[in-house]
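Each chain, written out:
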Amino acid sequence: MEEAYNDFRAAVGSLASQWLANGLPSRQGLDETADNLESLRQRLKVNGIWDQPPSMVTATLDDGLGQGLAIIEKYAAVVGIRLISLGLMQTPEVVIDACHRHQPDFLGLTILQFDTEGDLRCIANHLHRKTRIVAGGPVFFGDLDFAKRTGTHYAAKNVADFLRYMLDRPHNL
């Protein structure tokens, strides 16, 4: 079983490295690759890239389409994260309440607009210490201090960056 687990981690790591070096495929390519990784995970009979899978609450605060969040949720599930998806356009109160109820290891958010800074800071100030905010969206790259000001632990540039970050987390969160 340990070999299968290591093989799956290696496959995810190789994929993330390839994408970080060469760029991401199309949306269709991302979906097909996720399906292939899911098939590999099932063939290897592993739960994901951790001994004990972490949990993640996901939402958008200001994104009514959620395309980025959909990709992150798909890959998070493939690598074994237990997801609690709140959906699109959630208020800070809904996110905070869900995090208090579920006490996730991670809170995954998509942030598009600078005017959500106060909402994100409010959420960060009300989370349990164990919950790490992993977020993505253009605001983090338009303002390099945005993550620090809002209490965001990690701003992922894309799904490859997200996978690399998750691979670097301890195996036994």
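Residues numbered from 1 in each chain as written. Predicted model: local features only at pLDDT ≥ 70, side-chain atom pairs only at ≥ 80, totals over all residues. Heavy atoms only, no water.

Some details on the packing of aromatic side chains
Geometrically, a pair of aromatic rings is defined through the distance of the ring centres and the angle of the planes. Formally: Only Phe, Tyr and Trp rings are paired, with Trp represented by its six-membered ring, and only when their centres lie within 6.5 Å; those with planes under 30 degrees apart are stacked, over 60 edge-to-face, the remainder tilted. Secondary structure elements are defined from DSSP: runs of H or I of at least 4 residues count as helices, runs of E of at least 2 residues count as strands, and each element is numbered from the N terminus. Accessibility here uses a 1.4 Å probe with only protein chains present; expressed as a share of the type maximum, an area under 20% marks a residue as buried, one over 50% as exposed, and anything in between as partly exposed.
According to the stated counting rule, one finds five aromatic pairs in the structure shown. When the ring of Phe 106 is compared with that of Tyr 165, the centres are 6.4 Å apart and the planes differ by 75°; the resulting orientation is edge-to-face. In this pair, Phe 106 sits in strand E3 (residues 106–110) while Tyr 165 sits in helix H8 (residues 159–167), placing the two residues 59 residues apart along the sequence. The same class applies to Phe 106 and to Tyr 165, which are both buried.

Observations concerning the state of the cysteines
The criterion, for reference: To count as a disulfide, a pair of cysteine sulfur atoms needs to be within 2.5 Å.
Within this structure, the stated rule accounts for zero disulfides. We note that Cys 99 lacks a disulfide partner, and the nearest cysteine sulfur, in Cys 122, lies 12 Å from it. For Cys 122, a relative accessible area of 28% corresponds to the partly exposed category.

Topic: the nonpolar core
Test applied: Nine residue types can take part in a nonpolar core, namely buried Ala, Val, Leu, Ile, Met, Phe, Trp, Tyr and Cys, and a core is a set of them joined through side-chain atoms within 4.5 Å. Should any heavy atoms of two residues lie within 4.5 Å, those residues are counted as being in contact.
Membership of the largest hydrophobic core comes to 31 residues, with the highest contact counts inside it found for Tyr 75, Phe 162, Leu 163 and Met 166. Listed by contribution, the elements that provide at least two residues to this core are helix H1 (2–22), helix H2 (27–44), helix H3 (67–78) and H8. Excluding its chain neighbours within four sequence positions, the residues that come into contact with Met 166 are Ile 49, Trp 50, Met 56, Ile 81, Phe 106 and Val 134. Grouped together as the second largest cluster of nonpolar side chains are 19 residues, Ala 98, Leu 107, Ile 123 and Ile 133 included.

Quick look at the confidence of the model for the protein chain
Selection criterion: For every residue, the predictor states its confidence as a pLDDT score lying anywhere from 0 to 100.
Looking at the protein chain as a whole, its pLDDT mean stands at 94, while 98% of the residues score no less than 70. Within the protein chain, the lowest mean pLDDT, 92, falls on helix H6 (residues 139–142), and the highest, 98, falls on helix H4 (residues 92–102).

Some words on the packing of H4 against helix H5 (residues 117–125)
The relative placement of two packed helices comes down to the angle between their axes together with the axis-to-axis distance. Quick note on the threshold: Axis definition: a line fitted to C-alpha atoms, limited for helices to the stretch in contact. Angles are taken between N-to-C directions and run from 0 to 180 degrees. In what follows, roughly perpendicular refers to angles from 65 to 115 degrees, roughly parallel to angles under 35, roughly antiparallel to angles over 145, and oblique to any angle outside these ranges. Left-handed is the label given to a crossing in which the near helix is rotated counterclockwise from the far helix by less than a right angle, and right-handed is the label when the rotation is clockwise. Residues are sorted three ways: Asp, Glu, Lys and Arg are charged, Ala, Val, Leu, Ile, Met, Phe, Trp, Tyr, Cys and Pro are nonpolar, and all the rest, Gly among them, are polar.
H5 packs onto H4 with a crossing angle of 20° between their chain directions and a minimal axis gap of 10 Å. By the angle class used here, H4 and H5 are roughly parallel. Between H4 and H5 lies a crossing of right-handed hand. Every residue of H5 that contacts H4 at Pro 92, Val 95 and Ile 96 is listed here: Asp 119, Cys 122 and Ile 123. For the contact of H4 with H5, a count of residues per class yields five nonpolar, no polar and one charged.

Regarding H2
Going by this rule: Expected span of a helix: the number of residues minus one, times 1.5 Å.
A rise of 1.5 Å per residue sets the reference length of H2, with its 18 residues, at 26 Å; its end C-alpha atoms lie 26 Å apart and thus fit the reference within 8%. Burial in H2 covers these residues: Gly 29, Leu 30, Ala 34, Leu 37, Glu 38 and Arg 41. Close packing links the buried residues of H2 with H1, H3 and H8. Backbone geometry just after H2 places Lys 45 at a positive phi near 60°.

Section: the pattern of salt bridges
Put simply, the rule reads: Salt bridges are defined as contacts in which a side-chain nitrogen from Lys or Arg sits within 4 Å of a carboxyl oxygen from Asp or Glu.
Within the structure shown, the criterion is met by nine salt bridges. Among the ionic pairs, Lys 74 bridges to Asp 35, the shortest N-O distance being 3.5 Å. Taken together, the residues span a long stretch of sequence, with Lys 74 in helix H3 and Asp 35 in helix H2 at a distance of 39 residues. Judged by relative accessible area, Lys 74 falls into the partly exposed class, the value being 29%. The network of salt bridges with common partners includes Arg 27, Asp 31, Asp 35 and Lys 74.

A closer look at unusual backbone geometry
Although it is not a glycine, Met 89 adopts a positive phi angle of roughly 55°. Secondary-structure assignment places Met 89 in the loop between strand E2 (82–87) and H4. The partly exposed category is assigned to Met 89, whose relative accessible area is 49%. Of note, Gln 103 is a non-glycine position whose phi angle comes to about 45°, a positive value. The residue Gln 103 is located in the loop between H4 and E3 in this model. Classification of Gln 103 as partly exposed rests on a relative accessible area of 40%.

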